[in-house]
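Chain residues, written in single-letter form:
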Amino acid sequence: MTLKNTKQQTSISSVSAINDNHVDASAPILSIDSLIDAQVSFVQQWLYQQAQTLALDAWRWLGEQPMNKYIKSADLQRLINDWLLSTPMSEVMRADIRDVLHSIIYHPINDNVPLSDLIDDMQVATLATYVSRHEQQRNVLIHTLIGNETFADLLTQTLYHAINDFMETTLDKAGGVGKLMKMGRSSFEKATNRNLDDKLQAYLHRNIKDLTRRAEANAQAHLSNEEVARLLTTGWGRIKEQPISYIQTYLNADTKPSSIEHIEASLQQSYNQLRISPYLHSLVAASVETWYANHQTDTFATVAASLYIDERAIMQLSTALLPLIHDAIESLWFSTYIKQMLQAFYAQANIQQSLQDGLVLNDASIET
C-alpha cells in the first residue's frame, strides 16, 4: 500500500523538514488533522508489511505462556456447558450433516472400494479373539436370546397359530370328514370341560420350554471360544470383498423420511436428551478436571503440539489468511478506529499544551 493522498504527503514532508532543522517558511503548517491522517496511513502501511511477522511473533509469545496463567478449569467447564451443551444443534448444521452423510454414503467411489479397505483382517481377528474370551458374557447373551420366558412364549404362539391355521384350512377342505372332526372337537371340549385351544397352547408351552433349555445348553456347549472366533472371522471373510456401497442395500433414500434422515433424527433425539442430563454433565466435569490436572502447567505451545499445531502450521495458516488480513488493515472500519484513537490521544490537555509550546518554538525558529 502506498500513500496517495497529497495532503498526507505534504504533512509528512513538513514533519521531515522540521526534524532536519531545515525549516522553510513557505512549507505548509502541519495541522493536527493532517498529522492524524498521515499517522493513520503510516500505521496501515506498516501493519500491511509486517502482518505475517507479527502473527508469527504473537504465536511465539503465546506459545511460551503457561496455560494456567490465563485459563482455569472452571473456564473450560463454562465453555463446554454454556456453549456446547446448553443449546441444541441448529437446523442449518443438522441439514449440513444430512447432506454430507448422503454425499459420503452414496458417492460413486463406494462402488469400487471393498469393505476390507476400511477394516483389515487383523482388526477382525483381534475383535473375534477379544469377544470369544468373554465366556460368561457370551452365556448370558445366549440365555437372553434362547433360554428366557419371552422367547418360549413367542415360539409357543407362533407354533400354535401355525397349527391352528393348518387345521382350520385342512378341515374346511375335508368336507364331511372335516365336519365330523369339528364335532369330535366340540364333544371333547364338553366332556373334559376344557377348551382344546388352551390345552394345545399349554402342551406346546410346556414342551417348548424344555426345548429352549436344551437349545440353550447345546448352544453354550458347542459355541466354544474358538467357535465364536471362527464364526466372526468366517462371516467377515464372506463380506469383506463386497464394495462399500453394499451398505446402501440397508438404506432407503426414496421414502420420507429417508434412512439418513431417520438416523440423524434419532441421533439428535438421543443427543438432546443426553446433553441436558446430569449424567453427561458429571462425566464432562470429571473429564475436564482430569485433562486440566495433567496439562495445567503446560505452555500453549505444548498443548497445541499435541494437536500437531506448531510454528510451521501457524506459518502456513498465516500465509493462507494474509489476503484477509491485508484487506482488514486497508478497510475503512480499521482506519476509522485508528483515527478515533489518535484523535483521543491529541485531545488530551497535556498533549495539546505540548503541541502549543512546540508551535511557539517553531515560530521562533522560523523568524530567526
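Residues numbered from 1 in each chain as written. Predicted model: local features only at pLDDT ≥ 70, side-chain atom pairs only at ≥ 80, totals over all residues. Heavy atoms only, no water.

Asker: Would you mind showing me how to read a nonpolar patch on the surface here?
Answerer: On the surface, L127, Y130, V131 and L232 cluster together into a nonpolar patch covering about 380 Å² of accessible area. Within the fold, Y130 resides in helix 5 (residues 121-132). On the accessibility criterion, Y130 (53% relative accessible area) is exposed. (Patch = residues over 30% accessible without salt bridge, like charges linked within 9 Å, V, L, I, M, F, W, Y side chains within 5 Å. Areas by Shrake-Rupley, 256 points an atom, 1.4 Å probe, with all protein chains shown as cover. Salt bridge = Lys/Arg side-chain N within 4 Å of Asp/Glu carboxyl O. Helix = DSSP H or I, 4+ residues; strand = E, 2+ residues; numbered from the N terminus. Buried < 20%, exposed > 50% of the residue type's maximum accessible area, 1.4 Å probe, protein only.)

Asker: What's the story with the nonpolar core in this structure? I'm lost.
Answerer: In terms of nonpolar packing, the biggest core is built from 12 residues, these being L35, I36, V40, L47, A51, L322, I329, F334, I338, L342, Y346 and I351. Mapped by element, the contributors of at least two residues to this core are helix 2 (32-64), helix 14 (311-330) and helix 15 (332-346). Here this core takes 5 residues from helix 2, the largest share from any one element. Apart from residues no more than four positions distant in its own chain, Y346 is found in contact with I32, L35, I36, Q39, I351, Q352 and L355. With 9 residues, the next largest nonpolar core counts M67, L76, L85 and F300 among its residues. (Core = buried A, V, L, I, M, F, W, Y, C linked by side-chain atoms within 4.5 Å. Contact = heavy atoms within 4.5 Å.)

Asker: Help me understand the confidence of the model for the protein chain in this model?
Answerer: Across the protein chain, the average pLDDT comes to 81, with 79% of residues at 70 or higher. No element of the protein chain has a lower mean pLDDT than helix 1 (residues 6-19), which averages 41, and none a higher one than helix 13 (residues 300-305), which averages 96. In this model residues 1-27 is a low-confidence stretch, pLDDT under 50, and it forms 28 contacts with partners more than four residues away in sequence or in other chains. (pLDDT = per-residue confidence, 0-100.)

Asker: Is there a simple way to explain the packing of aromatic side chains in this structure?
Answerer: Aromatic rings in a pair are described by how distant their centres are and how their planes are angled relative to each other. Taken as a whole and assessed by the stated rule, the structure comprises 5 aromatic pairs. When the ring of Y246 is compared with that of Y250, the centres are 5.8 Å apart and the planes differ by 80°; the resulting orientation is edge-to-face. The class of Y246 is partly exposed, set by a relative accessible area of 32%. Ring centres of W333 and F334 lie 5.8 Å apart, and the angle between their planes is 80°; this geometry places the pair in the edge-to-face category. Through a chain of ring-to-ring contacts, three or more aromatic side chains come together here, namely W333, F334 and Y337. (Phe/Tyr/Trp six-rings, centres within 6.5 Å; stacked < 30°, edge-to-face > 60°.)

Asker: Sorry, what's going on with the packing of helix 2 against helix 15 here?
Answerer: Pairs of packed helices are described in terms of their axes, by the angle between the two and the distance that separates them. Relative orientation of the contacting elements helix 2 and helix 15 amounts to 135°, with a least axis distance of 9 Å. As the angle between them shows, helix 2 and helix 15 are arranged oblique. The handedness of the crossing between helix 2 and helix 15 is right-handed. Residues I32, L35, I36, D37, Q39, V40, V43, Q44 and L47 of helix 2 form the contact with helix 15, whose participating residues are F334, S335, I338, K339, L342, Q343 and Y346. A class-by-class count of the residues in the contact of helix 2 with helix 15 yields 10 nonpolar, 4 polar and 2 charged. (Axes fitted to C-alpha atoms, helices over the stretch in contact; angles between N-to-C directions. Parallel < 35°, antiparallel > 145°, perpendicular 65-115°, else oblique. Left-handed = near helix turned anticlockwise from the far one by under 90°. Nonpolar A, V, L, I, M, F, W, Y, C, P; charged D, E, K, R; others polar.)

Asker: Help me out: how do you make sense of the side chain of S245 in this one?
Answerer: Tracing the sequence through the fold places S245 in the loop between helix 10 (225-239) and helix 11 (259-275). If sequence neighbours within four positions are ignored, S245 has contacts with N110 and D111.

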